[in-house]
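The residues making up each chain are set out below.
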Amino acid sequence: QGDPIGKYIKIHGVFFQVVGIFRSDLPGEQGDRLASTIYVPFATFQEAFHQRDHVGWFSMTARSATDAPAVESAVRQVLSKAHAVHPDDDEAVGSFNTAQEFGRVMSLFTGLRFFVWLVGTLTLLAGALGVSNIMLIVVKERTREFGIRKALGATPASLISLVVQEAATLTTLAGYAGIVVAVAFLELSARFVSGSNKVLGSPEVDFQVTLLATGVLIVTGIIAGIVPARHAARINPVEALRSE
């Protein structure tokens, strides 16, 4: 009722002054649990409930390049030696290491990342084949044009360059349009995801990945235009002028 800042709450006969409040955007049971949680400074807790020399549990994080199981073993040995118990006595000194669970989660994300890259690569290859077929049709329809160009002195290298540039431009523009649509879709979906789930966060596309995808599109377009370009370079000017 009203602003709780500065008011007192009673916990096991001890009064605590409220100095701050927080809210959780997590839904469901986890959000309800956080909303009903009260945080007390550890030193204050020890003093108020006569737990000055008692520590129920504590958590540690290791550096990224450190072997987490080795850290766990070293900590257990130090605590066991300090309290004169056997290092393998789980009843005296218990521990829980999340390194294995974390490794499983990271393996799952690695597998998903590999699957996404595999699907993306196959999609690009399919697109390259489609562009190559389209350019072959274009070259066939422009046979007279290429014949006239060669009759006027165009070299095979210039024809190859022309077709490859057209294929690369077509692939890059179409692919970049797809990237823009995908980013717009992610931005739109992020509004719904961010409002309902804070665990995974909002979906996004890394800028470096976007640049890499654009570079791959350009290379794919160049590769897709090689076969049609070589076909255009082999056109005979005389036969091309006779073609309908």
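Everything numeric here is computed off the predicted structure, so don't read it as measured data.

Turning next to the overall build of the protein chain. On a plain count of helices and strands, the protein chain comes out with eight helices and two strands. Taken from N to C terminus, the helices and strands of the protein chain fall in the order β-β-α-α-α-α-α-α-α-α. Relative to the 2.2 N^0.38 estimate, which gives 18 Å for 244 residues, the radius of gyration of the protein chain is 33 Å and therefore markedly larger than a compact globule would have. The principal-axis extent of the C-alpha atoms belonging to the protein chain is close to 105 × 55 × 25 Å.

Attention now goes to the nonpolar core. Ranked by internal contacts, the top residues of the largest apolar core, which has 14 residues, are Val131, Met135, Val139, Phe146, Val163, Ala232 and Ile235. Those elements giving two or more residues to this core turn out to be helix H4 (99–141), helix H6 (156–196) and helix H7 (207–233). In this structure Val163 touches Met135, Val139, Phe146, Gly225, Pro228, Ala229 and Ala232, once residues within four positions along its chain are discounted.

Negative phi values dominate among residues other than glycine, just as trans dominates among peptide bonds. One non-glycine residue, His12, lies in the positive phi region at around 50°. Structurally, His12 can be placed in the loop between strand S1 (8–11) and strand S2 (14–17). His12 sits in the exposed class, given a relative accessible area of 75%.

This next bit is on the packing of aromatic side chains. This structure, assessed with the given rule, holds three aromatic pairs. Taken together, the ring pairs in this structure connect Phe16, Phe45 and Phe49 into an aromatic cluster.

Time to look at the confidence of the model for the protein chain. Of all residues in the protein chain, 93% attain a pLDDT of 70 or more, and the chain-wide mean is 80. When pLDDT is averaged over each element of the protein chain, S2 comes out on top at 87 and helix H8 (residues 237–242) at the bottom at 72.

As a further point, take helix H3 (residues 68–82). Here H3 contains 15 residues, and its C-alpha end-to-end distance of 21 Å stays within 8% of the 21 Å for a straight helix at 1.5 Å per residue. Directly after H3, the chain includes Ala84, whose backbone phi takes a positive value near 55°.

What counts, and at which threshold
Residues numbered from 1 in each chain as written. Predicted model: local features only at pLDDT ≥ 70, side-chain atom pairs only at ≥ 80, totals over all residues. Heavy atoms only, no water. Helix = DSSP H or I, 4+ residues; strand = E, 2+ residues; numbered from the N terminus. Rg over C-alpha atoms; globule rule 2.2 N^0.38 Å. Core = buried A, V, L, I, M, F, W, Y, C linked by side-chain atoms within 4.5 Å. Buried < 20%, exposed > 50% of the residue type's maximum accessible area, 1.4 Å probe, protein only. Contact = heavy atoms within 4.5 Å. Phe/Tyr/Trp six-rings, centres within 6.5 Å; stacked < 30°, edge-to-face > 60°. pLDDT = per-residue confidence, 0-100. Expected span 1.5 Å × (residues − 1).

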